[in-house]
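These are the residues of each chain, in order.
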Amino acid sequence: GVFFLGLYDGHSGFHTASSAQKYLHRYIRKNISELKHYLDKGYYESAKSLIIQAFLEFDEDLYDTSDLFKKMLAVNSGSTASIALIYNGKLITANIGDSPIYIIKPNGEILPVFSRHCYENEEERRRVRREGGFFEMKGIQRLQGRLAMTRGFGDRGVSSKKTYLSAIPDVFIN
């Protein structure tokens, strides 16, 4: 079997985080046979692509609704996501936003297995600016003067086309 664990940190309301908690795992489960096959064969880039696809489909479906109320919630609320999958001795982690994931080894060594998607991450600053976004100081540097993170679900009011605010996770396989 596959063990799944997810942590979702909502902001500007709970709708997006609640939706991720209820549904993101279903987007991953949709292709679970293919994911297991790729992991068994060592095709890690293909496995990563399936996880990325699940995150992007979930984010798109938050907004792609005829229900005006749900669409409004997707515009105004957002969420970070950090997930872990364990399958056949492999740990797969994926994250968007600034919620960390750590592995604690039996010897006590602590390994970070996440990327911080925020202004402090130089790669993220370059990516955001390349996509047409900007940062503004409001207590801390914020994307478009609003968000502390540069990747997340929802938040269509910040980036309607989801360019500089991305739902593409960093995926690690250990």
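The model shown is predicted, which means the values in this text are computed figures rather than measured ones. Per chain, residue numbering runs from 1 following the sequence as it is written. Under the rules for a predicted model, residues below a pLDDT of 70 receive no local features and side-chain atom pairs below 80 are neither given nor counted, while totals for whole chains, interfaces and linings still include all residues. Hydrogens are left out, water is left out, and the side-chain values use all remaining heavy atoms of the structure.

*Asks:* Can you break down the overall build of the protein residue by residue, with the values?
*Replies:* Helix and strand definitions follow DSSP, with helices as H or I runs of at least four residues and strands as E runs of at least two, each counted in order from the N terminus. Scanning the protein for helices and strands turns up five helices and nine strands. Overall, the protein shows an N-to-C arrangement of helices and strands of β-α-α-α-α-β-β-β-β-α-β-β-β-β. With the radius of gyration taken over C-alpha atoms, the globule rule is written as 2.2 Å times the number of residues to the power 0.38. Whereas a compact globule of 174 residues would reach a radius of gyration of roughly 16 Å, the protein reaches 16 Å, a difference of no more than 12%. In terms of overall dimensions, the protein has a C-alpha envelope of 45 × 40 × 25 Å along the principal axes. For the exposure calls, accessible area comes from a 1.4 Å probe over protein chains only, and a residue counts as buried if that area is under 20% of its type's maximum, exposed if over 50%, partly exposed in between. The buried share of the protein, taken over its 174 residues, is 44%.

*Asks:* An account of helix α1 (residues 15–29) is needed here, citing residue identities and associated values.
*Replies:* In this model, α1 (15 residues) spans 22 Å end to end at C-alpha, consistent with the 21 Å of a helix rising 1.5 Å per residue. Note that the bend at a residue is defined as the angle between axes fitted to the seven residues ending at it and the seven residues starting at it. The principal kink in α1, of about 45°, is found at Q21. Looking only at α1, the buried set comprises H15, T16, A17, S18, S19, A20, L24, Y27 and I28. One fewer than the residue count of a helix, multiplied by 1.5 Å, yields its expected span.

*Asks:* Go over the packing of aromatic side chains with me, naming the residues and quoting the values.
*Replies:* The pairing test for Phe, Tyr and Trp rings, Trp by its six-membered ring, is centres within 6.5 Å, and the orientation test on the planes gives stacked under 30 degrees, edge-to-face over 60, and tilted for anything in between. Following the criterion strictly, the structure yields six aromatic pairs and no others. Between Y27 and F58, the ring centres sit 5.6 Å apart and the planes meet at 80°, which makes this aromatic pair edge-to-face. Here Y27, found in helix α1, pairs with F58, found in helix α3 (residues 44–63); they are 31 residues apart in sequence, far enough to count as distant. As far as the burial class goes, Y27 and F58 line up, both buried. Here the aromatic residues Y27, F55, F58 and F153 are joined through ring pairs into a cluster of three or more. Here R125 stacks its cationic end above the ring of Y119, 4.9 Å away from the centre of that ring. Two conditions define a charge located above a ring, namely a distance within 6 Å from the ring centre to NZ of Lys or CZ of Arg, and an angle within 35 degrees of the ring normal.

*Asks:* Mind laying out the packing of α1 against α3, listing which residues take part and the relevant values?
*Replies:* Axes here refer to lines fitted to C-alpha atoms; in helices the fit is confined to the stretch in contact. Angles between the N-to-C directions go from 0 to 180 degrees. At their nearest, the axes of α1 and α3 sit 10 Å apart, and the two run at 135° to each other. When the axis of α1 is compared with that of α3, the two are oblique. Handedness of the α1/α3 crossing: right-handed. Note on element contacts: α3 touches α1 through I51, A54, F55, E57, F58, D61 and L62, opposite H15, T16, S19, A20, Y23, L24, Y27 and I28. For the contact of α1 with α3, the per-class residue count stands at ten nonpolar, three polar and two charged. Working definition: roughly parallel below 35 degrees, roughly antiparallel above 145 degrees, roughly perpendicular at 65 to 115 degrees, and oblique for all remaining angles. Less than a right angle of anticlockwise turn of the near helix away from the far helix marks a crossing as left-handed, whereas a clockwise turn marks it as right-handed. A contact between two residues is defined here by any heavy atoms of the two lying within 4.5 Å. Gly counts as polar in this scheme, as do all residues outside two lists: the nonpolar Ala, Val, Leu, Ile, Met, Phe, Trp, Tyr, Cys and Pro, and the charged Asp, Glu, Lys and Arg.

*Asks:* How would you explain the pattern of salt bridges if you had to name every residue and give the values?
*Replies:* The term salt bridge refers to a pairing of a side-chain nitrogen on Lys or Arg with a carboxyl oxygen on Asp or Glu at a separation within 4 Å. Evaluation of the coordinates by the stated rule reveals eight salt bridges. Across the pair E122 and R126 runs a salt bridge whose closest N-O atoms are separated by 2.7 Å. You can see E122 and its partner R126 sitting in helix α5 (residues 122–130), four residues apart, about one turn around the helix. What you see here is one network of salt bridges that share partners, running through E124, R127, R151 and D170.

*Asks:* Explain unusual backbone geometry to me, using residue names and the numbers behind them.
*Replies:* Although it is not a glycine, S12 adopts a positive phi angle of roughly 55°. Here S12 is to be found in the loop between β1 (3–11) and α1. One non-glycine residue with positive phi stands out, namely Q144, at about 55°. Within the secondary structure, Q144 sits in the loop between β7 (140–143) and β8 (153–154). Its relative accessible area of 17% is what places Q144 among the buried residues.

*Asks:* Tell me what's going on with α5, and back it up with residues and numbers.
*Replies:* Of all the positions in α5, only E124, R125, R127 and V128 are classed as buried. Viewed along the axis of α5, the buried residues span an arc of 165°, placing them on a single side of the element. Set apart from the buried face of α5 by more than 90 degrees, the exposed residues are E123 and R130. At its buried positions, α5 is contacted by β6 (135–138) and β7. Positive backbone phi, at 100°, marks G132, one or two positions downstream of α5. Throughout, the arc means the angular range of directions from the helix axis out to the C-beta atoms.

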